[in-house]
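What the coordinates show
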Amino acid sequence: MKTLPQNNYRSALETVRNLKQKYGKTWNSISPESAARMITQNRFRTGLDIAKYTAAIMRADMAAYDADSSNYTQSLGCWHGFVAQQNMIAVKKHHKTTSKSYLYLSGWMVAALRSEFGPLPDQSMHEKTSVPALIKEIYDFLRQADAIELNDLFRRLEFGEDVQSQIDNFETHIVPIIADIDAGFGNEEATYLLTKKMIEAGACAIQIENQVSDAKQCGHQDGKVTVPHEDFIAKINAIRYAFLELEVDDGIIVARTDSEGAGLTQKLPVSKVAGDLASQYLSFVEAEELEIYEAMEDDVLLKRDGKLVRPVRLANGLYKFKDGSNIDRVVLDCITSLQNGADLLWIETPTPNVKQIAHMVNRVKEVVPNAKLVYNNSPSFNWTLNFRNQAYEEMLAEGENMTAYDRNNLMSEEYDNTELCFLADEKIKTFQIDSAKEAGIFHHLITLPTYHTTALHMNDLSKGYFGEEGMLAYVKDVQRQEIRKGVACVKHQRMAGSNLGDDHKTFFAGEKALKAEGVNNTSNQFEVKKANVEHGCVA
């Protein structure tokens with residue numbers, strides 16, 4: 001990720017000094033150094049500043065991936081600003097950079113965790129305004145992470161430490177967000193209006209799917225209904241116009257197709273010329289041949305290959321696609337989206353299988369050679385079972401004796417330390433590398449990881465805390481681990497901005513400032529000797 005150029009500090013310092021000279025004695029209590037420090041710690045003034053900055057990063061990353069597939073990118077889905085903040089703090093701490101690391105905003109998690117209606121299924125029933133609100137919240141927390149870390153560095157500089165280089169080369173926690181707009185929450189005008197709010201909040205990449213807005217389903221559930229290409233293109237156009245209106249010229253559109261698992265359509269588009277997009281879409285609709293006298297009153301009829309056919313229509317008025325047409329529909333969806341303004345693709349698949357993904361992507365690349373995917377490494381997949389099945393097939397094909405394994409029970413714990421398990425786990429480990437190379441996946445994300453980690457950690461903590469371990473369950477498995485692993489949040493007052501606030505109070509009120517720091521602040525208990533810092537403890 002890009003570093004923050006610290007000529008901002010020197011420029012701000014000069015500006016405030018000039019202003020102080022201009023306004024004379026009335027500004028006597030204003031310190032140019034303190035003001036410049038605050039300006040430096042808050043580089044991004046608006047969400048649009050963030051959207052423009054992160055869009056340029058994504059464009060550069062896409063070009064780097066085109067040149068070398070090992071340059072793929074990753075993200076985790078976050079449902080709260082604090083979760084996103086801790087994600088990026090951890091990435092920066094462990095990997096020394098946030099480069100190639102993004103955040104994902106999942107519509108599923110907004111519905112399940114952020115709606116005023118309470119927990120909802122992933123069916124676009126939540127308030128559309130909750131999506132830009134979460135984007136803004138995430139960037140508020142990331143900006144705070146910048147301010148806290150820079151504030152610590154300025155403090156250390158004041159105490160005589162040589163940290164000027166760290167200040168000058170500071171790397172921001174601000175990273176791109178790929179934001180889920182579901183199916184657009186209405187018609188193309190509604191999509192345009194919501195997109196503007198999302199961009200203004202900071203989103204540089206909008207992901208939209210080709211389902212019907214008012215019948216939207218989670219991509220990993222049944223009952224999905226897609227729209228004709230013309231309808232989807234109108235929404236792609238709406239998103240692009242929103243980017244252009246707000247002068248985020250590099251904005252990214254991720255076009256998702258649910259056609260692999262969708263068997264229904266709500267509309268029959270109007271074909272004007274044989275072989276046009278509408279005609280191709282209609283060719284996938286299942287229909288039965290009939291004579292005109294067999295048609296019922298008010299039947300919908302089509303002419304196909306010189307014959308009269310009646311599309312299969314369900315009791316709810318939806319039309320059925322031909323069985324086995326799903327992959328062809330996916331390929332056509334992808335090609336059409338890329339040829340009409342989309343930048344990246346998203347294909348929902350039933351399992352995480354590199355060969356199956358590559359089969360579809362390679363067909364798209366025959367028409368659009370630089371086609372790239374954003375791929376959902378979804379918790380809806382049983383990864384263990386899927387890859388044990390793949391490993392089983394591979395071992396069987398190589399002639400290995402598989403009688404020790406029950407093919408119908410490969411998830412069993414008894415196989416956890418077997419050759420099958422080790423092979424499957426290695427395939428899971430290299431899945432992102434392999435699929436980035438073989439299946440055109442530019443960006444790997446997990447939609448709901450923090451939903452599941454929260455549930456898992458609460459399960460483990462609750463078991464011990466409300467059981468025989470009592471307080472030891474928290475101390476041993478949470479606080480002590482925070483200390484041992486150097487998790488900054490162990491000093492939660494600092495992470496919430498207490499030290500930052502104390503410094504601001506000092507800027508504002510001088511010696512009269514009432515500060516939270518002092519001998520009676522219990523956070524002092526977490527200060528450790530400098531000698532221990534290199535061992536991963538909190539300084």
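Calculation criteria
- Every chain's residues receive numbers from 1 upward, in the order its sequence appears when written.
- Only residues with pLDDT of at least 70 are given local features in this predicted model, and only at 80 or more are side-chain atom pairs given and counted; all residues enter the totals for whole chains, interfaces and linings.
- By convention in this description, side-chain values take in all heavy atoms of the structure and omit both hydrogens and water.
- The salt bridge definition used is simple: a Lys or Arg side-chain nitrogen within 4 Å of an Asp or Glu carboxyl oxygen.
- Where helices and strands are cited, they refer to DSSP runs of H or I of at least four residues and of E of at least two residues respectively, numbered from the N terminus.
- Only protein chains enter the accessibility calculation, which uses a 1.4 Å probe; a residue whose area is less than 20% of its type maximum is buried, one above 50% is exposed, and one in between is partly exposed.
- Each pair of strands is called paired provided DSSP finds at least two bridges between the two strands.
- Only the stretch in contact is used when a helix axis is fitted, and all axes are lines through C-alpha atoms; the angle between N-to-C directions ranges over 0 to 180 degrees.
- Whether two residues are in contact is decided by their heavy atoms, any of which lying within 4.5 Å being enough.
- As defined here, a cavity is a set of points on a 1 Å grid over the protein atoms alone where a 1.4 Å probe fits but cannot get out. A pocket is an open set with protein on both sides within 12 Å along at least five of seven lines, and residues line them when an atom is within 4 Å of a point.
- Grid points are joined across faces, edges and corners, and a volume is the space filled by probe spheres set on the points.
- Throughout, the ten residues Ala, Val, Leu, Ile, Met, Phe, Trp, Tyr, Cys and Pro are labelled nonpolar, Asp, Glu, Lys and Arg are labelled charged, and all others, Gly among them, are labelled polar.
- By convention, the crossing between two helices is left-handed when the near helix turns anticlockwise from the far helix through less than a right angle, and right-handed when the turn is clockwise.

**A word on the pattern of salt bridges**
One pass over the structure, following the stated rule, counts 31 salt bridges. Here D503 ties to R37 by a salt bridge, and the two come within 2.7 Å at their closest N and O atoms. Residue D503 is found in helix 19 (residues 498-509), and its partner R37 is found in helix 2 (residues 32-40); the two are separated by 466 residues along the sequence. Residues D503 and R37 agree in their burial class; the two are buried. E137 is paired through a salt bridge with R114; the nearest N and O atoms lie 2.8 Å apart. Placement of the pair is E137 in helix 6 (residues 130-158) and R114 in the loop between helix 5 (107-113) and helix 6, with a sequence separation of 23 residues. The exposure class of R114 is partly exposed, given its relative accessible area of 25%. Among the ionic contacts, a cluster of salt bridges with common partners joins R37, R155, E158 and D503.

**A short note on the sheet that holds strand 9 (residues 302-304)**
Spatially, the three strands line up as an open sheet ordered 8-10-9, and their pairing is antiparallel. The open sheet has two edge strands, strand 8 (287-289) and strand 9, and neither has a second partner. The sheet shows a mean angle of 45° between the axes of neighbouring strands, taken without regard to direction. Summarising the sheet, strand 8 and strand 10 (residues 307-311) pair through three bridges and their orientation is antiparallel.

**Some details on the environment of L142**
Its location among the elements puts L142 in helix 6. Each C-alpha atom of the pair L142 and I433 lies 28 Å from the other, and the pair is 291 residues apart in sequence. Aside from chain neighbours lying at most four places away, what touches L142 is A84, Q85, M88, L103, H173, I174 and V175.

**Some points on the pairing of strand 6 (residues 252-257)**
Most of strand 6 sits inside the fold, with six of its six residues counted as buried. Along strand 6, one buried face is formed by I252, V254 and R256 and the opposite face, lined by I253, A255 and T257, is buried too. In the sheet, strand 6 pairs with strand 12 (residues 344-347) via four bridges, with the strands oriented parallel. Bridging from a neighbouring strand, V254 pairs with L344 of strand 12.

**Quick look at the sheet that holds strand 5 (residues 225-226)**
Strands belonging to one sheet form pairs held by backbone hydrogen bonds; the direction of such a pair is parallel or antiparallel. Within the open sheet, the three strands sit side by side as 5-7-11. Their pairing is mixed. The open sheet terminates on both sides in strands that have one partner only, identified here as strand 5 and strand 11 (319-320). With two bridges joining them, strand 7 (residues 264-265) and strand 11 adopt antiparallel strand pairing. Opposite T265, over in strand 11, you have Y319 as the bridge partner.

**Concerning the layout of surface pockets**
Remark: the empty space left among the atoms is shown by a probe the size of a water molecule rolled over them. Approximately 270 Å³ is the volume attributed to the second largest pocket. Forming the boundary of the second largest pocket are N353, V354, K355, F387, Q390, E394, K427, T430, F431, D434 and E438. Of all the secondary-structure elements, those providing two or more residues to the lining of the second largest pocket are helix 12 (354-365), helix 13 (383-397) and helix 15 (431-438). Class assignment of the residues belonging to the lining of the second largest pocket gives a composition of three nonpolar, three polar and five charged.

**Overview of the packing of helix 9 (residues 229-245) against helix 11 (residues 326-338)**
At their nearest, the axes of helix 9 and helix 11 sit 10 Å apart, and the two run at 35° to each other. Here helix 9 and helix 11 pass one another in a crossing that is right-handed. The segment helix 9 lies against helix 11, with H229, F232, I233 and I236 engaging L332, D333, T336 and S337. Grouping the constituent residues of the contact of helix 9 with helix 11 by class yields four nonpolar, three polar and one charged.

**Examining empty space enclosed by the protein**
A complete count under the given rule lists three cavities of 30 Å³ or more for this structure. If you add up the space inside the second largest cavity, you get close to 60 Å³. Lining the second largest cavity we find N210, V227, H229, F232, A255, R256, T257, D333, C334, S337 and L345. Those elements that place two or more of their residues in the lining of the second largest cavity are helix 9, strand 6 and helix 11. Its residues assigned to classes, the lining of the second largest cavity shows five nonpolar, four polar and two charged.

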